[in-house]
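Working through the structure, step by step
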Amino acid sequence: MMYRDILKRIRLAFPQPMSDPIHDSYFVHSIMRALDQVDALKTELPILGNVVFSDYEKARQATLPDAMSSVEDVTAEIVSYLRGMPIFGHPRTQQNVIAPTTIPSLVGVLLASLHNPNIAWDEYSRLVALAEVEVVAIASKMVGYDQAQSSGVFTFGGTGTTLYGVKLGLEKACPHTIQKGVPEEAVVFVSDAGHYCAANIAGWLGIGTDNLVVIPTTHDNEINLELLNQSAREALANGKKIAAIIATLGTTDAFGLDDLEEIAKMRDALVEEFELEYRPHIHADAVIGWAWSAFNDYSLEGNPLGFRPRTIRALAGARRRIQHLSLADSIGIDFHKTGFAPYISSLVLVKDQTDLDLVKRRPEQMPYLYHFGEHRPGMFTLETSRAGTGPLAALANLRLFGEQGLQATLGHLVEMTQLLREHLGGRSGATTLNRDNFGTVTVFRVYPEEVDTFAIMRQEFEDPAYRDSLIAHNAYNRKVFDYVHSEAMEGRGVVISLTDCYRRTDYGEPIVALKSFILSPFVDEADVKTVVDKVMEASGKIGPGADC
Ligand SMILES: *Cc1c(COP(=O)(O)O)cnc(C)c1O
C-alpha cells in the first residue's frame, strides 16, 4: 500500500477540522458504539463484566503492530480493558474515595480532549484558561478566601496541591531555594493520619523525609495540638525553619479534621515569640473536606433540605472545622474526589496571589513561550503542558450542582453513613471506630459473639496486655472481609474495603479494620443495611473461637 492510501484512512480516524456532518455522525457513532459495548458489560454486579486474569507477563512483551487498525477494532479492544473494573457509582460499591463522575464533567473532559487546549498560556487555550480562573474564584468564595486576593492553579492531583503548598512555604522560610537549593534546616509538619504524599513531597522537594515531622493524632484522628506546639518550638529553638505545617481536613481513612483555627493561632504566637522574619506557611490538605464548605451557609436549625437529626449533627460537626479553611495560606481541593469529576481535577488555592511570585521563572528562561497574551500561569506552574480537562470538568460540576446540589448530594452521603453507623450500633458484635468523625467513611471492627464490645476497643487500643487479642481480632476482621468480598463478587452484598492500619494502638500495633466509603449518590438505606447483614453473616460463619 502506498503511503497516500494509508494517510487517507488515518485522516478518517481524526475528527474533521472542517465541518463535515457525515463524518461528525461517524465520530458520534464511534463514541456511542464504545458506550454500548461498555453498557453490555453491565450486570447486577458492582463490576463491569467479570474479573479476568491480568497477564502481566504477556503485557511486558507487547509490541507495536505492523499495520494500522480501524476505529472500530481499536474501540472494541480498548473497551475490553474495562472488564473487571469496579462501578464506583454502583449502590453496592462502598470501597474507597473514588467518585462516580457526572455527565457534564465527562462532556467537559471530552471537549477539552477534543480541542486540546493547553492552559499553560491563554494563547493556546483561550476561554478554557478563563474557565480555570472562574473555578479558582468560585472555590475561593466557597472556602471564604477574598476573591480579589486569592489565586490558584489546577495541578497533577491532590499530591500536586500539597507540593505547591509546601514549596511556597519553603521559599518563604528559606528564600531563594529555587536558585540555591534546599538548606538543611527546613522542616515540615504533618499528622500521622495525614496523607503519605507529605513524605513523597519532602523527599522530592529535597527537604528530606528525615525533616518531615510526623505528629501523633488524638483518638478523633486530629493532629495533637500540644505535641505540634512542642515540636514546632523545639525545631525553632534548634535553629530550624518551618517550611510548612500541613493541616489535614478530611483524613483519607477516617475524615479526621485538624483544628486549623488553633493551628493558625499557634503559628502566629510562634512568629511573635521567636521573632521570625517569615510566617510559617499553613497548607490545608482539604482534598476531601473542601466540599463540606457548601454547608457554611446552610441553616442547620431551619434545615430547609430536610435532613435527619443525626445528619444535621454530623454536618455541624464537620462545619465546625471546615468553616475555618480560609485561615490556611493555601488549600488543596480534589474535584475528582468529593466533586464527582473524573481524574485528574485538582486545584491548589493560595490565599495571597503574590505568594505565587515566589516560584515564578524569568521570561528569558522560556524563550519559546509566553511572548504575549494576558494570562500566563505557565510562568510559575510546575507543569509545562497543562490539560483543560480538570478545570472544565470542575466548572461543569460546580455549575451542575450549585450550592444546593452539593448540599443535597453530600448530605445524602452523610445521611447514609449515619444510617450505616446506626445499624452497626444496633449489633452487639460491631464497633464503629471513627464515631466522632463526620464524613462519609466509616471504619469499623467486628468481633466474635463472646466478646464484650463495650470494653474491647479501649482495652485493645490502650492496654498492651491485650496485644494478642488485638492481633487475633485483626485476623478475624480480615476473614470477615474476605467473606464479604467474595459474596459481593457473586452478586450478594456490598463491596467494602479493608484497611491494614486504621491507626496504631497506644503500644504501636496496627489496627486492622473494615471500611465503608460511601461516595455514590445511588446508595440507599437498603444498601447500608446489606453491609451490616453481610458482615454479621460472615461473623456467624467464621464462628466463635475460630482459629484466627
Ligand atoms: C487522596 C488524598 C491525597 C492525594 O491526592 P491524589 O489526588 O490522589 O494525588 C492527599 N491527601 C488526602 C487527605 C487524600 O485523601
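Small disclaimer: the values here were computed from a predicted structure and weren't measured.

**Observations concerning the side chain of T75**
- Topologically, T75 is positioned in helix α4 (residues 71-80).
- Overall, T75 belongs to the buried group, its relative accessible area being 16%.
- Side-chain polar atoms of T75 contact the backbone oxygen of V71, separated by 2.6 Å.
- If we skip the residues at most four places from it in the chain, T75 touches S30, A34 and Q37.

**With respect to the site of the ligand**
- In the neighbourhood of the ligand, 13 residues make up the surrounding shell, with G158, T252, D285, D334 and K337 lying closest.
- In the model, an oxygen atom of the ligand is placed 2.9 Å from a nitrogen or oxygen of the T252 side chain.
- At 2.8 Å from an oxygen atom of the ligand is found a side-chain nitrogen or oxygen belonging to D334.
- The fraction of the free accessible surface of the ligand (380 Å²) that becomes covered by protein chains is 86%.
- Counting only elements with at least two residues in the shell around the ligand, the list comes to α7 (158-173) and α13 (335-338).
- Of the residues assigned to the shell around the ligand, the class counts are 3 nonpolar, 7 polar and 3 charged.

**A short note on the environment of M142**
- Among the structural elements, M142 can be located in helix α6 (residues 127-143).
- Expressed as a C-alpha distance, the spacing of M142 and A294, which sit 152 residues apart in the sequence, is 6.6 Å.
- Every residue in contact with M142, bar those within four places of it in the chain, is listed here: W290, A291, S293, A294, N296, L398 and L406.

**Side note on the sheet that holds strand β8 (residues 430-432)**
- As summarised here, the arrangement of the 4 strands in space is β8-β9-β11-β10, forming an open sheet in which the pairing is antiparallel. At either margin of the open sheet sits one strand with a lone partner, and together these are β8 and β10 (497-499). Direction aside, neighbouring strands of the sheet carry axes that sit 35° apart on average.
- Against the sheet, helix α14 (residues 389-425) touches β8, β9 (441-446) and β11 (513-517), its axis set at about 15° to β9.
- In the packing of helix α15 (residues 453-462) onto the sheet, contacts are made with β8 and β9, and the angle to β8 comes to roughly 55°.

**Concerning the packing of aromatic side chains**
- A full pass over the atoms with the stated rule returns 8 aromatic pairs.
- Ring centres 5.9 Å apart and planes at 20° place the aromatic pair F154 and F335 in the stacked group. Highlighted residues: F154 in strand β1 (residues 151-155) and F335 in helix α13, separated in sequence by 181 residues. Summarising the burial analysis for this pair, F154 and F335 share the class buried.
- Taking 6.5 Å as the distance between ring centres and 65° as the angle between the ring planes, the aromatic pair formed by F295 and F307 counts as edge-to-face. Placement of the pair is F295 in the loop between β5 (281-285) and α12 (309-322) and F307 in the loop between β5 and α12, with a sequence separation of 12 residues. We note that F295, like F307, is buried.
- Members of the aromatic cluster, joined through ring pairs, are F154, W290 and F335.

**Regarding the pairing of β9**
- Counting buried positions along β9 yields 6 of 6 residues, so the element is predominantly enclosed.
- The two faces of β9 match: V441, V443 and R445 on one face and T442, F444 and V446 on the other face are all buried.
- Alignment of β8 against β9, held across 3 bridges, turns out to be antiparallel. When the sheet's bridge partners are listed, T432 is paired in β9 with F444.
- Inspection of the sheet shows β9 paired to β11 by 4 bridges, in the antiparallel sense. Along β11, the bridge assignment pairs F444 with L514.

**Remarks on the pattern of salt bridges**
- For the structure on display, the rule yields 30 salt bridges.
- The shortest N-O distance in the salt bridge between K42 and D39 comes to 3.5 Å.
- Judged by its relative accessible area of 47%, K42 is partly exposed.
- Note that R386 and E132 form a salt bridge whose closest N and O atoms lie 2.4 Å from each other. One end of the pair, R386, is in the loop between β7 (346-350) and α14; the other, E132, is in helix α6, with 254 residues separating them in the sequence.

**So, the nonpolar core**
- Core analysis: the largest hydrophobic core is formed by 127 residues, its most contacted members being W292, I331 and F335.
- Per element, the largest residue contribution to this core is 14 residues, and it comes from α14.
- Beyond its immediate stretch of four places on either side in the chain, I331 contacts V143, Y145, H283, A284, A286, L325, L347, V348 and L349.

**Here we look at the environment of V28**
- As for its placement among the helices and strands, V28 is situated in helix α2 (residues 21-39).
- By relative accessible area, which is 46% here, V28 ends up partly exposed.
- As a C-alpha pair, V28 and S80 span 52 residues in sequence and 20 Å in three-dimensional space.

**Remarks on empty space enclosed by the protein**
- As enumerated under the stated definition, the model contains 1 cavity of 30 Å³ or more in all.
- In this structure, the largest cavity is lined by F88, T93, Q94, Q95, N96, I98, F517, I518, L519 and S520.
- Across the lining of the largest cavity, the residue classes break down as 5 nonpolar, 5 polar and no charged.

Calculation rules
- Residues numbered from 1 in each chain as written.
- Predicted model: local features only at pLDDT ≥ 70, side-chain atom pairs only at ≥ 80, totals over all residues.
- Heavy atoms only, no water.
- Helix = DSSP H or I, 4+ residues; strand = E, 2+ residues; numbered from the N terminus.
- Buried < 20%, exposed > 50% of the residue type's maximum accessible area, 1.4 Å probe, protein only.
- Polar contact = N/O pair within 3.5 Å; in protein donor to acceptor, adjacent residues only side chain to side chain.
- Contact = heavy atoms within 4.5 Å.
- Near = heavy atom within 4 Å.
- Areas by Shrake-Rupley, 256 points an atom, 1.4 Å probe, with all protein chains shown as cover.
- Nonpolar A, V, L, I, M, F, W, Y, C, P; charged D, E, K, R; others polar.
- Pairing = 2+ DSSP bridges.
- Axes fitted to C-alpha atoms, helices over the stretch in contact; angles between N-to-C directions.
- Phe/Tyr/Trp six-rings, centres within 6.5 Å; stacked < 30°, edge-to-face > 60°.
- Salt bridge = Lys/Arg side-chain N within 4 Å of Asp/Glu carboxyl O.
- Core = buried A, V, L, I, M, F, W, Y, C linked by side-chain atoms within 4.5 Å.
- 1 Å grid on protein atoms, 1.4 Å probe; cavity = no way out; pocket = protein on both sides within 12 Å on 5 of 7 lines; lining within 4 Å.
- Points joined across faces, edges and corners; volume = space filled by probe spheres on them.

Keep in mind these numbers describe shape, not what the thing actually does.
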